[in-house]
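Report on the structure
Residue-level listing of the chains:
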Amino acid sequence: MRAVICILMLGAGMAVIQPTVAAENAAEIICTNPKDDPPGPDTTVACYSDTGCALAETLGAEPIRDYDVGSAPFALARGKISAIIATSKDLIETAEANGAKCRPTEK
């Protein structure tokens, strides 16, 4: 993982340096609705990175970049989308709790 330093500018010329971790190197996980596994043509996939969206395209699915994170697991459970490709542990856990089948993407 790569560390990124964010500088937050405050009023009166004050700045706060806040280290963050870049998520781009985290392993992508694909969570699918068991009824649409694997996603393919005529399906939609929520994705949150260039890598995840490119994977959705290779499956023949339509990538939906930056689908609302709070509603994605529930849209997946209802069949509104066919998969979620993400690195967020919370998003993945919520999807699994709602019946999704999650696994690492193949590299």
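Residues numbered from 1 in each chain as written. Predicted model: local features only at pLDDT ≥ 70, side-chain atom pairs only at ≥ 80, totals over all residues. Heavy atoms only, no water.

It is worth spelling out the pairing of strand β4 (residues 44-47) at this point. As judged from the four bridges shared by β4 and strand β5 (residues 62-65), these two strands associate in the parallel manner. In the sheet register, A46 faces β5, and the bridge partner there is I64. Assessed by its sense of winding, the connection that carries the chain from β4 through helix α1 (residues 50-58) to β5 is right-handed. Pairing between β4 and strand β6 (residues 83-86): three bridges, direction parallel. In the strand pairing of β6, C47 is matched with I85. (Pairing = 2+ DSSP bridges. Helix = DSSP H or I, 4+ residues; strand = E, 2+ residues; numbered from the N terminus. Right-handed = clockwise from strand over helix to strand, strands pointing away.)

Here we come to unusual backbone geometry. Not every positive phi belongs to a glycine, and D42 is a case in point at roughly 65°. Residue D42 is classed as exposed on the basis of its relative accessible area, which comes to 84%. Positioned with a positive phi, D66 is a non-glycine residue whose angle comes to about 60°. With respect to the helices, strands and loops of the structure, D66 is situated in the loop between β5 and α2 (72-77). On the accessibility criterion, D66 (52% relative accessible area) is exposed. (Buried < 20%, exposed > 50% of the residue type's maximum accessible area, 1.4 Å probe, protein only.)

All chains considered together, the criterion is met by one salt bridge. Note that D50 and R65 form a salt bridge whose closest N and O atoms lie 2.9 Å from each other. Within this pair, whereas D50 is found in helix α1, its partner R65 is found in strand β5, the two being separated by 15 residues in sequence. The class for R65 is partly exposed, based on a relative accessible area of 43%. (Salt bridge = Lys/Arg side-chain N within 4 Å of Asp/Glu carboxyl O.)

One can find E28 in the loop between β2 (15-21) and β3 (29-32). Within polar-contact distance, the side chain of E28 engages the side chain of S49 at 2.5 Å. Residues within four places of E28 in sequence aside, it is in contact with S49, T51, G52, I85, A86, T87, P104 and T105. (Polar contact = N/O pair within 3.5 Å; in protein donor to acceptor, adjacent residues only side chain to side chain. Contact = heavy atoms within 4.5 Å.)

Considering all chains together, one arrives at two disulfides under this definition. Paired by a disulfide, C31 and C102 hold their sulfur atoms 2.1 Å apart. Between C31 and C102 the sulfur-sulfur dihedral comes to about 115°; the bridge is accordingly right-handed. Pair noted here: C31 is in strand β3 and C102 is in strand β7 (residues 101-104), with a separation of 71 residues, a long-range link. Note on C31: relative accessible area 1%, which makes it buried. Looking at C102, the relative accessible area reads 19%, which means it is buried. In this model, C47 is linked to C53 through a disulfide, with the two sulfur atoms separated by 2.0 Å. Taking the torsion about the S-S bond as the criterion, the C47 to C53 disulfide, at about 90°, is right-handed. (Disulfide = S-S within 2.5 Å.)

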